[in-house]
Structures are given as C-alpha cells and as structure tokens.
Amino acid sequence: MTDPAPFREAARALAPVTVEAIEALGGAFRRLDRGSMWELQSALRPLHDRLDEALTALREAPLDDRFLPIRDQLGAGADAVLEALAAFTRPVPREQRSGNALESMRGLARAQEFLYPLRSLTPDLGALYAEPAVRGDLAALDAHSTEPGTGIQRSGPDDDPDARGEFHLYVPESLDGSEPRPLVVALHGGMGHGRDFLWTWLREARSRRFLLLAPTSVGPTWALMGTDTDRPRLLSSVDFVRERFNVDGSRILLTGLSDGSTYGLSTFLSGDTPFIAMAAVAGVLHPKNIEDGAIAGAAGKRISITHGAKDWMFPVQLAQAAQQALREAGADVRYHEIPDLAHAYPREENPAILEWFDPTLALLAPDS
C-alpha cells in the first residue's frame, strides 16, 4: 500500500493557493474598469505560476487507487481556476477583453462547483463556502446533509446543466425543514447563467441558512424588450420551491446584477409577485416603468440600490437619478454607492443587503 502522506501534503499545499486564486480573481472582477486591466493582470500572473506548480506536485504524488477520485476532483477544481486565470491574464486587444473576462468568470464558477464536494477536505476549502463568523464550526453547516432535498439541485435535462430557462437551487445542508426560512432569488447579468450566479450568494446562504434560487433567462439575457418570456418561468420556479420546502412567504428577496437587476426591478415594480423587497446591483430603471413622468408601482416598495462609481456600462449618475425618482414615487430606498467598484458584483455587500432585507439574518462577529 502506498504511503498517503505525500498526497495529503500536496493536497494541503494546493488547497490554500487555489482558494487564494479564487478570491483574488473575484477581487479583480470588481475592479475591472477601462484603465486597470494591465495592473490586475500583472498581479495575478504569479498566482497562476504558483497554482500550476502546486497542482503538478499533487498529480506527481504517489497514490493508491482509492484516493484517485479525490485527486481528480481537486485537480479539476484547480484546473478550472488555472483556466480562469489564463483567460483573464491573456494579452488580447481591448475589444476582446470583455469576452475574456466572461470566460474567466465562468471558469471561476466552475471551479467552485468542482470544489464544493471537497469542502471538508481542508479548512481552507471549508472556509471558501462559509462566512468568517461561522468558520469556527464548519461541521455544523453540514448537520443535516443527508436530509432529502438539501444541497445543490437543478431543473431541466439531466444531461444539460447549462439549459436555458431552467433554474439552480441551493438548500442549506443544515436545514431539516422544521422552521420556515427566507428565500433569495438571484438573477444573473447579461450573457450569464444561474448555474454560475448561484456561487455569488451560496456562502451567505449556507452560513445564514436561507434558500437560494438562481434562475436562468430563456435567451442570452432577460426579457427587457418585447414579450416577457421569462416572467412565467421565474414565478413558477418560486412556486416550485415554496411547494416543496418550508419557505417563509413574508421573507422572499429578489436581487440581480446588471440586466438581472434591471429586469428584476421592472418585475418587482409591476406588482403581483411574491417578492417582499428588491436589491438592485449595477442596474438601471427600465423606461417601461415610467408612465407620464412618474414611476408606476413604486409606492411603499422596499428597494436597495448598490452601484459602483466606476461603472463603465451604466454610469453612476443613472443610479443616483433612479434612487431619487423612486423615493419621489414613494418607495423606501436604500442607496449605497461604492467608490472603487466597476461594472461587477460586489460580493462583500451581501451581508449588508441581507441585513437590510431581514435583520434576523445577521451573523455575530467571530469574537462576539
């Protein structure tokens, strides 16, 4: 029997650099404005080399067949991060940068998907899927992991996880269904997918014990023009979750990024939805929400707007005007402008959004 110590040592060495690369890439996306690409690429290239070296060591470590599935799963996650780093740092003409950034974002989501089943392998991997306040007891987050229906699941064809018009759902492993819990419905941006956007919120869902639904638009983006083919699927997916799980109907939050934010806000203002509040990130008000110079359906609605001062797609002045118009129309608006944020999702804002939506979702600080 081969001594497993070298493999275990290689795995323990690979895990932290993999997590470091995931966090660094996520930080780079939120700072990606027109003038920062070279600086961000230069900072990430050494990480690519370190990760590549650690992954090579893992694959060269002697190993019994019984450990091969773990090695292959961990290696696939690290490989996905390497590919995401390569896509982001590859020198290309300016007009190709957006495509490379999207490829990198998808690779980063895929890496988290590969690594999630290995979250108990090392503390570094466990911490990737938990907020700091709960990292002292990671086992508690998996307390009921054998309960039917917990974990990550999806609708659609078994052989096509990227099918459009479907949804991905996360039910925290620590839930046993005995108490009603909040539901967060998160809408991806243009050219995005619920399979990828799920990871934007999973850490908080797991740590704060709420259900997370990430639908996918029927087309490449949400139905912002013409017939709204997304609304029936969006509402039916929420109904599906409420019928099968113990969801608190008084605590259902709709949120979204970019086109998902614009579409979500339009849907929320249209009325006749199960959503209690809307958290818009890097989106704009859709013209169809304005009737005779006023915003229809805004009175009494709870709305959070988060926007970057360096947003290059939707200039921050649009968000400033939207929050003023919504307030004048009678909405209860929370507005937060982030000085260094480009057109990206600020993961660090999730706790503030959740605690604005539902103060009972707050976590105690680690030293409390």
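On a predicted model such as this, the values are computed, not experimentally measured, just so you know.

### Section: the overall build of the protein
Scanning the protein for helices and strands turns up eleven helices and ten strands. Whereas a compact globule of 368 residues would reach a radius of gyration of roughly 21 Å, the protein reaches 21 Å, a difference of no more than 12%. Each of the three principal axes of the protein carries a C-alpha extent, and together these read 75 × 55 × 45 Å. Intrachain contacts of the protein at a sequence separation of at least 6 include 76% that bridge at least 24 residues. Counting 37 positive and 52 negative side-chain charges, the protein places the averaged centre of each group 2 Å from the other.

### Comments concerning the packing of aromatic side chains
Summed over the entire model, instances satisfying the criterion amount to ten aromatic pairs. Seen from their ring centres, Phe-29 and Phe-88 are 5.8 Å apart, and the 65 degrees between their planes marks the pair as edge-to-face. With a gap of 59 residues between them, Phe-29 in helix 1 (residues 5-30) and Phe-88 in helix 3 (residues 68-89) connect regions that are remote in the sequence. Taking relative accessible area as the criterion, Phe-88 reaches 0% and is therefore assigned buried. With a centroid separation of 6.4 Å and an interplanar angle of 90 degrees, the aromatic rings of Tyr-116 and Tyr-170 are classed as edge-to-face. Of the two residues, Tyr-116 sits in the loop between helix 4 (97-115) and helix 5 (123-128) while Tyr-170 sits in strand 2 (residues 167-171), which places them 54 residues apart along the sequence. Here the two residues Tyr-116 and Tyr-170 agree in accessibility, since each one is buried. Three or more aromatic residues joined by ring pairs make a cluster, and in this case those are Tyr-116, Tyr-129, Tyr-170 and Trp-199. Over the aromatic face of Tyr-116 sits the side chain of Arg-119, whose NZ or CZ is 4.1 Å from the ring centroid.

### Regarding the side chain of Thr-255
Relative to the helices and strands, Thr-255 is located in strand 5 (residues 247-257). Looking at Thr-255, the relative accessible area reads 1%, which means it is buried. With residues near it in sequence (within four places) discarded, Thr-255 still touches Val-184, Val-185, Ala-186, Leu-187, Trp-201, Met-278 and Ala-279.

### Description of the nonpolar core
With 66 residues, the main nonpolar core has Leu-14, Leu-51, Phe-88, Trp-201 and Leu-212 as its most contacted residues. Among residues more than four places away in sequence, those in contact with Leu-51 are Leu-14, Val-17, Thr-18, Ala-21, Ala-78, Val-81, Leu-82 and Leu-85.

### Brief notes about the side chain of Glu-173
Considering the arrangement of structural elements, one finds Glu-173 in the loop between strand 2 and strand 3 (181-187). Note on Glu-173: relative accessible area 3%, which makes it buried. Only 2.7 Å separates the side chain of Glu-173 from the side chain of Tyr-116, close enough to count as a polar contact.

### Thoughts on the pattern of salt bridges
One pass over the full model with this rule turns up 26 salt bridges. For Arg-195, the salt bridge is made with Glu-113, and the minimal N-O distance between the two is 2.6 Å. Note that Arg-195 is positioned in helix 6 (residues 194-197) and Glu-113 in helix 4, a separation of 82 residues in sequence. Looking at Glu-113, the relative accessible area reads 27%, which means it is partly exposed. When the shortest N-O distance is used, the salt bridge between Glu-179 and Arg-181 registers 3.8 Å. A single network of salt bridges, built from pairs that share partners, joins Arg-110, Glu-113, Asp-162, Arg-195 and Asp-196.

### Considerations on helix 11 (residues 350-357)
Every buried residue of helix 11 is listed here: Asn-350, Ile-353, Leu-354, Trp-356 and Phe-357. Down the axis, helix 11 shows its buried residues gathered within 160 degrees of arc, on one side only. Each element contacted by the buried residues of helix 11 is listed here: strand 3, helix 7 (202-208), strand 5, strand 6 (277-281), strand 9 (302-308) and strand 10 (332-338).

### A word on the pairing of strand 4 (residues 211-215)
A large share of strand 4 lies buried, amounting to five of its five residues. By the alternation rule, side chains of strand 4 split into Leu-211, Leu-213 and Pro-215 and Leu-212 and Ala-214, which are all buried. One ladder, built from three bridges, connects strand 3 with strand 4; its direction is parallel. When the sheet's bridge partners are listed, Leu-183 is paired in strand 4 with Leu-211.

### Remarks on a nonpolar patch on the surface
A contiguous nonpolar patch, built from Leu-102, Met-105 and Met-191 and spanning about 240 Å² of accessible area, is present on the exposed surface. When you line up the elements, Leu-102 lands in helix 4.

### Some details on the environment of Ala-280
Inspection of the secondary structure puts Ala-280 in strand 6. As a C-alpha pair, Ala-280 and Arg-135 span 145 residues in sequence and 29 Å in three-dimensional space. Discounting residues that sit within four places of it in the chain, Ala-280 has contacts with Gly-256, Ser-261, Ser-304, Ile-305 and Thr-306.

### A few points about the packing of helix 1 against helix 4
Between helix 1 and helix 4, the shortest axis-to-axis distance is 11 Å and the interhelical angle comes to 145 degrees. The element helix 1 and its partner helix 4 pack so that their crossing is left-handed. Contacts between helix 1 and helix 4 involve Thr-18, Ile-22, Leu-25, Gly-26 and Phe-29 from the former and Ala-101, Ser-104, Met-105, Leu-108, Gln-112 and Leu-115 from the latter. Of the residues that constitute the contact of helix 1 with helix 4, the class distribution is seven nonpolar, four polar and no charged.

### Concerning the pairing of strand 6
Where burial is concerned, most of strand 6 is hidden: five out of the five residues are buried. Where burial is concerned, the two faces of strand 6 agree: the one with Ala-277, Ala-279 and Val-281 and the one with Met-278 and Ala-280 are both buried. Handedness of the crossover joining strand 5 and strand 6 through helix 9 (residues 259-269): right-handed. By the bridge criterion, five bridges tie strand 6 to strand 9 in an arrangement that is parallel. For Val-281, the partnering residue across the bridge sits in strand 9 and is Thr-306.

Quick notes on the rules
Residues numbered from 1 in each chain as written. Predicted model: local features only at pLDDT ≥ 70, side-chain atom pairs only at ≥ 80, totals over all residues. Heavy atoms only, no water. Helix = DSSP H or I, 4+ residues; strand = E, 2+ residues; numbered from the N terminus. Rg over C-alpha atoms; globule rule 2.2 N^0.38 Å. Contact = heavy atoms within 4.5 Å. Lys, Arg positive; Asp, Glu negative; His and termini not counted. Charge placed at Lys NZ, Arg CZ, Asp CG, Glu CD. Phe/Tyr/Trp six-rings, centres within 6.5 Å; stacked < 30°, edge-to-face > 60°. Buried < 20%, exposed > 50% of the residue type's maximum accessible area, 1.4 Å probe, protein only. Lys NZ or Arg CZ within 6 Å of the ring centre and 35° of its normal. Core = buried A, V, L, I, M, F, W, Y, C linked by side-chain atoms within 4.5 Å. Polar contact = N/O pair within 3.5 Å; in protein donor to acceptor, adjacent residues only side chain to side chain. Salt bridge = Lys/Arg side-chain N within 4 Å of Asp/Glu carboxyl O. Arc of directions from axis to C-beta. Pairing = 2+ DSSP bridges. Patch = residues over 30% accessible without salt bridge, like charges linked within 9 Å, V, L, I, M, F, W, Y side chains within 5 Å. Areas by Shrake-Rupley, 256 points an atom, 1.4 Å probe, with all protein chains shown as cover. Axes fitted to C-alpha atoms, helices over the stretch in contact; angles between N-to-C directions. Left-handed = near helix turned anticlockwise from the far one by under 90°. Nonpolar A, V, L, I, M, F, W, Y, C, P; charged D, E, K, R; others polar. Right-handed = clockwise from strand over helix to strand, strands pointing away.

None of this, on its own, says anything about what the molecule does.
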